[in-house]
Amino acid sequence: MPPRTAARVAARATFSMSWLPDRVFLGWDRPFLEAAAGWLLERFDGDLDGVVVALPGRRAARRLQDRLALLATPGFRPPEVLTAGALSDRLLLLPARRTERLARTLAWAEALRRAPAPELAPLIPHPPDDADFEAWWALAGRLRRLHGELAAEGMSFGAVADALPPACGAAELMRWRALVPVQEGFRAVLESAGLADPHESRLEAARAGRTRPARAVVLAGIFDAPALLRRALRAAAAPTTALVFAPQAQEGWFDDLGLARREPWQEAGARLPLERCQWLAVGHPGDQADAVARAIDSWNGAYGPQAITVGLGQEELAPLLARRLDQLGVHSRPAAGTPLAATRAARLLQAAADFLDGQRFPALAALLRHPDVEDALRRRGAVDGPPDAAVLDAYAADHLPDRAARLLPGAAQRAGPAGARVRAVFDLLGPLAEAEPRPLPRWAEPVAALLEAVYDLRPLRPEHQDDRLLHGALELLGDGLRAVAALPESLCTAAPVDAATALRLLLRESAAAAVAPPADEGAVEMLGWLELALDDAPALVVAGFQDGSIPESVHGDPFLPDALRGALGPPDNALRLARDAVSLATLLHSKERLVLVSGRRSGENEPLMPSRLAFLVPEEELPARVGYAFRELEAESPRAEAAAPPPPPRPRRLPLPELESIRVTDFRAYLASPYGYYLERLLRLRPVDDRASELDPMAFGTLAHQVLEAFGRGPARDSASEDQVRGALEAELRSCAAARFGERPLAAVRLQLEQLRFRLGRFAAWQARQAGAGWRIHDVEATPKVAPLLEVDDRPLPLIGQVDRVDVHPQLGWRLLDYKTGDKVKKPELSHRRGDRWIDLQLPLYALLAPGLGVDGSLADGRLALGYLALPASAEPETLLLASWEPEQLEDAYSAARQVVRAIRAGQLFELGDDPPRDPQIAAIAGLGLLGAEADEEDEA
């Protein structure tokens, strides 16, 4: 045996008899990783072969390896560097096959499902339905985490039940006792699959002394660790040293492994040297981002990007901080990477899961909005023409479909393009859209096929950020799919799942994964709070210095409330406070520049509490610090209001469209808002919204018009029998509804169809009486064969119009009628004039259309009437509302119409008018906020 090897064996034998860790305090004089690297090289004389070094996180581990490589001399032999979380597995001899988290969650779910309901009652009074796999999965995940946390402290559920303090009460004891057979069932499920729980395997290995040799173990800068680590270290009995990032004078803060102790921070005299100038309390998250940017800017370039770190007490601040720093020209890089859930590939699977869960049409439209789906369909030649989302939006706005199907209801010219896209999506999804529930591993191949179909032909360029993210996301999803495919079939056959559930489980199990950021030496790194103590950048700004985050606090844990944690041993809030207080003390003494930023308000304007660590100061300083922390945001000092600048010109398209004709309904639009008329009538801008779940007033009126038009062309239109008229109207309603909405309309649409049927029934009685009195429907949706001309300054303008209904009576003459379906239908005189001015000219202009419709009467000879046919929900107002205008009033209306035409020809189109556009999207173009775009409840359809 070589002498060096023999010496190591002898040292191991000696330490196995009596294992005592050592502590080395490295002080705060230089960066910890630099000091730790120097100590390691000096202590082991450059030969670190067989030495195991553990650090809190992967980033610190990589940086220590870099430091060692820079300082190393010839003959250097590197150590084994890993994270504290991986140290137990390195020291203990464990089964070769690792049972992954996914398999353990399945085993917990199966154990819960097998447990008799009476035994589960103290734990779950109302168990989920057997088919509700996701609910069982959520419960299983909670128990898996609870089991893992307790096992790390060497405890089972039964041990907790035996150790419960009497103050917890009988109900709590029953809950923990109910957990015991579930835990036993979990072990049985794993055993039947030939698997073992890694947490319990670690405990068994530590108890039995089954370890792997290590020359020495060094714990570097680790402030907290579970009890299992101490067990593993004692079982391995290797020489152990804790490198502590603090001076010897602070040894009372740490235990024998260099871990933070609770007691020093629970004493009344606990203090931190946090100066008031190092702490900023500002308003909302945006103010925090501004404060971080100002702090960096105040250093006047004294620190380069590599010398500055931005800390994150709250991870959700990262995007806001990145945008604000980018505005200053400071490029940032989140060290944690991009969460998988935020990548396009994961969003694709989430959208697919949402659609497959019921195949609802809105979810299909959302899936088609994913740019990679549309790109894939076009590459495959499945669709062409307008963007997929636009086609689906138009179809949805018209037909309000509930579910997607390969054959969509509606006329071929509308359903055809939409139907092609729906069929293309079904083909793209393949077995995911059609297969019955199956064991989870059998979904891995169809999911992989979907990703391949969408992304396989796409060339990826690693130098492009989007492509790099996509590549990383596909690798992570591939790892997840391989884990799913490798699941033992025996764990999955008892509870087959559908495609949507399989996709959601895959995404849920990958939720913690992130695509690593690219190397970027010119970027300021953003780090989470727990990584900051060992970061070697001399300048640091921390955002999100809030209580609940720094220190982290856990409240309302249903199984391990804080008091119970303190009694049993798992980390409690007091231990987290000690850990974070030590971390902050380290930062305060080791950084050249340090700024901590707290917010007073959340993004939802909820009040926030600053970190309690900000108040570990001498008592005489507390009142001022509390007053600063909790004062309300200062109002801006009054200042003279400057003259408001003129509003910017409203968007317009030049040259202006030439007026070649005008519809009779256009006049109302112009008189309400010239700019609204310009956008909606001249430019033909029309918003399309697929979010509707019921017919809006306009769509409801359009459907009524379709039914009444079909009736007006049918054989029952001249019938004086109320029953016959009602039957014909109801038949036309069924036909129109089936063509437009299919056999399964939305519930709200079905209710509206019933409402329309009721209105048509009331209308049928009036219609039958009119037919009995000699009135006949001459035409419906009538358009003049030749458009009449409106003479305006010797430049005649064609007048376009369509009359809903033309009635004729042998003795009484003619009626030109417009259907109205609103709940509030005004008389024509009131709906066309406001005070002394015209606000609508539609009915007066119908008189100019009359000759082209075959009408041989006029208002002057008393053989022409203009009015509304109302189908309101109530008996009021009357069904027939005729106007009482005299010929001279019509001439005044024609004069008003000529003035409108002159204004349009003169380009007077950019005033908002008295009634600007109401649709939010059109209103936004017009420069109006949401309050200016509220819809009027009155329906003028």
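Basis of the calculations
- Residues numbered from 1 in each chain as written.
- Predicted model: local features only at pLDDT ≥ 70, side-chain atom pairs only at ≥ 80, totals over all residues.
- Heavy atoms only, no water.
- Helix = DSSP H or I, 4+ residues; strand = E, 2+ residues; numbered from the N terminus.
- Rg over C-alpha atoms; globule rule 2.2 N^0.38 Å.
- Buried < 20%, exposed > 50% of the residue type's maximum accessible area, 1.4 Å probe, protein only.
- Contact = heavy atoms within 4.5 Å.
- Areas by Shrake-Rupley, 256 points an atom, 1.4 Å probe, with all protein chains shown as cover.
- Lys, Arg positive; Asp, Glu negative; His and termini not counted.
- Charge placed at Lys NZ, Arg CZ, Asp CG, Glu CD.
- Pairing = 2+ DSSP bridges.
- Axes fitted to C-alpha atoms, helices over the stretch in contact; angles between N-to-C directions.
- pLDDT = per-residue confidence, 0-100.
- Parallel < 35°, antiparallel > 145°, perpendicular 65-115°, else oblique.
- Left-handed = near helix turned anticlockwise from the far one by under 90°.
- Patch = residues over 30% accessible without salt bridge, like charges linked within 9 Å, V, L, I, M, F, W, Y side chains within 5 Å.
- Salt bridge = Lys/Arg side-chain N within 4 Å of Asp/Glu carboxyl O.
- Phe/Tyr/Trp six-rings, centres within 6.5 Å; stacked < 30°, edge-to-face > 60°.
- Lys NZ or Arg CZ within 6 Å of the ring centre and 35° of its normal.

### Considering the overall build of the protein
Item 1. When helices and strands are counted, the protein shows 35 helices and 23 strands.
Item 2. Relative to the compact-globule value of 30 Å for 941 residues, the protein shows a C-alpha radius of gyration of 38 Å, a clear excess of over 25%.
Item 3. Dimensions of the protein, computed from C-alpha atoms along their principal axes, come out at roughly 125 × 70 × 60 Å.
Item 4. Evaluated residue by residue, the protein yields a buried proportion of 50% over its 941 residues.
Item 5. Taking contacts inside the protein between residues at least 6 apart in sequence as the whole, the part at least 24 apart equals 78%.
Item 6. Carbon together with sulfur atoms contributes 52% to the accessible area of the protein, which is approximately 44,400 Å² in total.
Item 7. Charge centroids of the protein, computed over 109 positive and 131 negative side chains, lie 3 Å from each other.

### Here we look at the sheet that holds strand β19 (residues 813–820)
Item 1. If you walk across this open sheet you meet the five strands as β15-β18-β19-β22-β23, and the pairing is mixed. The open sheet is flanked by β15 (776–782) and β23 (880–882), the only strands paired with a single partner. Put simply, the sheet's adjacent strands are angled 30° from each other on average, direction ignored.
Item 2. Here seven bridges tie β19 to strand β22 (residues 864–870), and the two strands are oriented parallel to one another. Across the sheet, the residue bridging to R815 is A865, located in β22.
Item 3. Together, β15, β18 (803–809) and β19 form the strand contacts of helix α29 (residues 697–712), whose direction differs from that of β15 by roughly 135°.

### Structural notes on the confidence of the model for the protein
Item 1. Counting all residues, the mean pLDDT for the protein is 87, and 92% of those residues have values of 70 or more.
Item 2. Between the elements of the protein, mean pLDDT differs from a low of 37, seen in helix α1 (residues 3–17), to a high of 97, seen in strand β4 (residues 216–220).
Item 3. Contacts of residues 633–644 to residues separated by more than four positions or lying in other chains number four contacts, the stretch itself having pLDDT below 50.
Item 4. In this model residues 930–941 is a low-confidence stretch, pLDDT under 50, and it forms 25 contacts with partners more than four residues away in sequence or in other chains.

### Comments concerning the packing of helix α30 (residues 722–741) against helix α31 (residues 747–772)
Item 1. Between α30 and α31, the least distance of the axes is 9 Å, while the angle of their chain directions is 150°. The pairing of α30 with α31 is recorded here as roughly antiparallel in orientation. For the element pair α30 and α31, the recorded crossing hand is right-handed. Contacts between α30 and α31 pair E722, V725, R726, L729, E730, L733, A737 and F741 from the former with V749, L753, L756, R757, L760, G761, F763, A764, A765, Q767 and A768 from the latter.

### What about the pairing of strand β17 (residues 797–800)?
Item 1. Side chains L797 and L799 project from β17 onto a buried face, and the interleaved P798 and I800 project onto a face without burial.
Item 2. With two bridges joining them, strand β16 (residues 789–790) and β17 adopt antiparallel strand pairing. By the bridge assignment for β17, L790 is matched with L797.
Item 3. Connecting the antiparallel pair β16 and β17 is a turn made up of six residues, with D793 showing a positive phi of about 55°.

### Considerations on a nonpolar patch on the surface
Item 1. Taken together, M609, V626 and F630 make up a surface patch of nonpolar side chains, about 270 Å² in accessible area.
Item 2. The topology assignment puts V626 in helix α26 (residues 622–630).
Item 3. Residue V626 is classed as partly exposed on the basis of its relative accessible area, which comes to 35%.

### Section: the packing of helix α21 (residues 444–455) against helix α22 (residues 465–485)
Item 1. For the pair α21 and α22, the least separation of the axes is 9 Å and the interaxial angle reads 160°. Between α21 and α22, the angle falls in the class roughly antiparallel. Judged by the sense of rotation from one axis to the other, the crossing of α21 with α22 is left-handed. Residues A444, V447, A448, L451 and Y455 of α21 lie in contact with α22, whose contacting residues are L470, L474, L477, L481, V484 and A485.

### Regarding the environment of A225
Item 1. The residue A225 is located in the loop between β4 and α11 (227–236) in this model.
Item 2. Along the primary structure A225 and P610 are separated by 385 residues, whereas in three dimensions their C-alpha atoms are 26 Å apart.

### Quick word on the packing of aromatic side chains
Item 1. Using the criterion set out here, one finds 24 aromatic pairs in the structure.
Item 2. Ring centres of F157 and W176 lie 5.9 Å apart, and the angle between their planes is 70°; this geometry places the pair in the edge-to-face category. With a gap of 19 residues between them, F157 in helix α8 (residues 157–163) and W176 in helix α9 (residues 170–192) connect regions that are remote in the sequence. Here F157 and W176 have matching classes, each one buried.
Item 3. Judged by centre distance (6.1 Å) and plane angle (75°), the ring pair of W176 and F559 falls under edge-to-face. With W176 in helix α9 and F559 in the loop between β12 (539–543) and α24 (562–568), this pair connects stretches of sequence that are 383 residues apart.
Item 4. W176 gets classed as buried once you look at its relative accessible area, which sits at 0%.
Item 5. The exposure class assigned to F559 is buried, which follows from its relative accessible area of 7%.
Item 6. Here the aromatic cluster, defined as three or more aromatic residues joined through ring pairs, consists of F25, W28, F223, W253, F254 and W265.
Item 7. Here the basic side chain of R652 rests over the ring of F910, its NZ or CZ set 3.6 Å away from the ring centre.

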